[in-house]
Amino acid sequence: MTRRICSRPGYFPTVDRLISNRVDPERFRGRDSKWLNRFAWFTCVATLLLICSGGMVTSKGVGLAVPDWPTTFGYNMFLFPVSKWVGGILFEHTHRLIASAVGFLTIILAIWLWRSDDRRWVRNLGVIALAGVILQGILGGLRVTMLKDEIGIFHACLAQAFLALLVFIALVTTNFWNSVTYSPIRKTSAAGHTGLSPVFRKIALIKKLAIAITFAIYVQLALGATMRHQHRDLAILDFPTANGAWIPDTSETAIAKINAWRDARGLSDVDAFQIWLQMAHRLLALLIAIAIITFCLRVWTDARVPGISQLSIFWVALVVCQIAVGAWTIWSNKAADVATTHVAVGAVMLSFGVSISASCWRILAVSRRGAPDVPALPISRPA
């Protein structure tokens, strides 16, 4: 039946047919798939909690509340008395324990993938995740022992990349990933000419846009990590203006006046680099918001793919929420709980970007390769 339909000249499937309600056993060979997928998502949630814990440690400036590593005041980390979990020690020590739990979960996930999933590249992702969590733990320890903020910035960026990898692993073990059905990627006209089907051109376009937005979100998270690990008060304390203007004055005279005002209120001094770093963070946030709204409109008007359409709506809601929380962070002078929420929403936005980009890639990849029972069709690009 599939061969008969696909052989019709000019055949072009609707987008709804790209996703099947049934999983093809020929393409889904993993064992214990349901529980493996649930465990993968659980590991993602635990990692998000770890990122929140790290954000709270940085926002409160208690990263060195425990001065030694891997021990805690000379104790084995897991035997440190609960009665001593007070003040900043509570946040830093809890962060270490959550990190240990995530490491343990990642070990289980890597072993489970290796034993249950027949796809070599998925098993390799589990190994990469394991290597990543080990590196992350070492960086966290070096941040304490070497007292370098640069390590803390890299530590924060790697945490976001690690979460993105786990989200991708969880996605590729879902029924959705394996239920994407074959649809011909080319269209044959009545005259016999072939070319890329319009729907696939549109999906290819939104895939590129999703990847670009996801990369921009990651850069934005890196900028935020750089700002947080300077361990200073905010360089700009008003929003949406910047020191009373839309474009801040960073001349030597202006900086001197700003620092005099801040010194009178017990705030740390700033320089031009810190001001423009925060301005870059704001500008990129605006560009990301515009890009996500544009992406959502393109999806709903050009290629309404099941799953991706719904995710795009949530992506828009997240970026609106993120801008609101970012403004609140400034108005509260970087209150620890508000700033940590800002970090968490950013991590979720990155996860959505990874999920949408990977889903678009999956649809295109399956259609180019062809279904097991249908020979892959060659792709003829228009002249």
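Residues numbered from 1 in each chain as written. Predicted model: local features only at pLDDT ≥ 70, side-chain atom pairs only at ≥ 80, totals over all residues. Heavy atoms only, no water.

## Some points on a nonpolar patch on the surface
For step 1, the next point in the chain: A surface patch of nonpolar side chains, amounting to about 330 Å² of accessible area, comprises Ile-134, Ile-138, Leu-142 and Met-146.
For step 2, the next point in the chain: Position of Ile-134 relative to the elements: it lies in helix α4 (residues 120-146).
For step 3, the next point in the chain: Overall, Ile-134 belongs to the partly exposed group, its relative accessible area being 49%. (Patch = residues over 30% accessible without salt bridge, like charges linked within 9 Å, V, L, I, M, F, W, Y side chains within 5 Å. Areas by Shrake-Rupley, 256 points an atom, 1.4 Å probe, with all protein chains shown as cover. Salt bridge = Lys/Arg side-chain N within 4 Å of Asp/Glu carboxyl O. Helix = DSSP H or I, 4+ residues; strand = E, 2+ residues; numbered from the N terminus. Buried < 20%, exposed > 50% of the residue type's maximum accessible area, 1.4 Å probe, protein only.)

## Some remarks on the side chain of Arg-362
For step 1, the next point in the chain: Position of Arg-362 relative to the elements: it lies in helix α11 (residues 336-369).
For step 2, the next point in the chain: Looking at Arg-362, its side chain comes within polar contact range of the main-chain oxygen of Trp-177, at 2.7 Å. (Polar contact = N/O pair within 3.5 Å; in protein donor to acceptor, adjacent residues only side chain to side chain.)

## Some details on the nonpolar core
For step 1, the next point in the chain: Among the nonpolar cores identified, the biggest contains 66 residues, and Ile-217, Ile-288, Phe-295, Trp-315 and Met-349 are the most heavily contacted of them.
For step 2, the next point in the chain: When residues of this core are traced back to their parent elements, those giving at least two are α2 (33-60), α3 (87-116), α4, α5 (149-172), α7 (198-228), α9 (272-302), α10 (308-331) and α11. (Core = buried A, V, L, I, M, F, W, Y, C linked by side-chain atoms within 4.5 Å.)

## Side note on the packing of aromatic side chains
For step 1, the next point in the chain: Summed over all chains, the structure comprises ten aromatic pairs.
For step 2, the next point in the chain: Ring geometry for Trp-121 against Phe-168: centres 6.2 Å apart, planes inclined by 40°, an arrangement best described as tilted. Of this pair, Trp-121 sits in helix α4 while Phe-168 sits in helix α5, and the two are 47 residues apart along the sequence.
For step 3, the next point in the chain: A relative accessible area of 18% places Phe-168 in the buried class.
For step 4, the next point in the chain: Members of the aromatic cluster, connected to one another through ring pairs, are Trp-121, Phe-168, Trp-177 and Trp-361.
For step 5, the next point in the chain: Sitting over the ring of Trp-35, Arg-38 keeps its end group 4.6 Å from the ring centre. (Phe/Tyr/Trp six-rings, centres within 6.5 Å; stacked < 30°, edge-to-face > 60°. Lys NZ or Arg CZ within 6 Å of the ring centre and 35° of its normal.)

## Digging into the pattern of salt bridges
For step 1, the next point in the chain: Counted by the stated rule, this structure contains three salt bridges.
For step 2, the next point in the chain: Residue Asp-117 pairs with Arg-119 through a salt bridge whose shortest N-O separation is 2.7 Å.
For step 3, the next point in the chain: Asp-149 is the salt-bridge partner of Arg-143, the closest N and O atoms lying 3.0 Å from each other.
For step 4, the next point in the chain: Under the relative-accessibility criterion, Arg-143 is labelled buried at 16%.

## A closer look at the confidence of the model for the protein chain
For step 1, the next point in the chain: When pLDDT is averaged across the protein chain, the result is 83; 82% of the residues are at 70 or more.
For step 2, the next point in the chain: Within the protein chain, α3 carries the highest mean pLDDT (94), whereas helix α1 (residues 2-6) carries the lowest (38).
For step 3, the next point in the chain: In the model, residues 371-383 has pLDDT below 50 throughout and makes 28 contacts with residues more than four positions away in sequence or in other chains. (pLDDT = per-residue confidence, 0-100. Contact = heavy atoms within 4.5 Å.)

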